[in-house]
Amino acid sequence: QATYVRPVLKAVHVADDTTLEALMETTSKFAGKAVGVLLDTKDPQALGGTGKAFDWKGASTLAARWPIGLAGGLGPDNISRAVLSVRPFLIDVSSGVETERSKDPAKVEMFISSAKFPFDLEHETTRTEAKRVRRESIEAKIAEDPLAGYFPARFGDFGGRFVPETLVEPLEQLERAYWEASHDPAFHAQVEQ
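Right, let's walk through the structure included here.

Glancing now at the nonpolar core. The biggest cluster of nonpolar side chains holds 22 residues, and the ones touching the most others in it are Leu39, Trp56, Ile68 and Leu70. Those elements giving two or more residues to this core turn out to be strand S1 (9–14), helix H1 (20–28), strand S2 (36–41), helix H2 (57–63), strand S3 (68–70) and helix H3 (79–86). Looking at which element gives the most residues to this core, the answer is H3, with four residues. Among residues more than four places away in sequence, those in contact with leucine 39 are Val12, Val14, Leu23, Phe54, Ala59, Leu62, Ile68, Gly69, Leu70 and Ala71.

Now the structure itself:
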């Protein structure tokens, strides 16, 4: 059994006929070893980069138990649906934002906007409503654990920081200040503008 010094994300390739049970069985083998799973489209010709999407039905169920990353066939036209369906903690995109095999800045910008505001794009909800929904979700986490639960989606359920050690203390001070400000009605009024 391998022991890893750094966090590991396990890539799992999903075929058209992969069942939820098969996904659960495959991913359970990595419990305690990997911090999450990156689901990608299975293709007999390549291990990735095919630009083909897979059916996300099983991914949303799996995401309730594991931090899930999505890859395979993602682009500006389907990323909002993917985010709403699966709630991945990371997204892997490459060919979906390319034109003639080069990154297209306009597609990258459209992809990012679509990934950030799925409520606005898929449900014609205002940004204010999306912020309210996010705030309510965060407030529910705060009620459970005032500090540790505040940033539930930032690094997944298992925490972690990807910053130099010298920045940890200032980052924690910033998090505390933001947490305190987030309980101030004047702060919320300013954020809603």
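Having put the structure on the table, let's press on.
You will see that glutamate 100, though not glycine, has its phi angle at about 50 degrees, which is positive. Position of glutamate 100 among the secondary structure elements: in the loop between strand S5 (98–99) and strand S6 (102–103). Positive phi values are uncommon outside glycine, yet arginine 101 reaches one of about 65 degrees. Among the structural elements, arginine 101 can be located in the loop between S5 and S6.

Calculation criteria
- Residues numbered from 1 in each chain as written.
- Predicted model: local features only at pLDDT ≥ 70, side-chain atom pairs only at ≥ 80, totals over all residues.
- Heavy atoms only, no water.
- Core = buried A, V, L, I, M, F, W, Y, C linked by side-chain atoms within 4.5 Å.
- Buried < 20%, exposed > 50% of the residue type's maximum accessible area, 1.4 Å probe, protein only.
- Helix = DSSP H or I, 4+ residues; strand = E, 2+ residues; numbered from the N terminus.
- Contact = heavy atoms within 4.5 Å.

It is worth stressing that arrangement in space is one thing and function is another; only the former is reported here.
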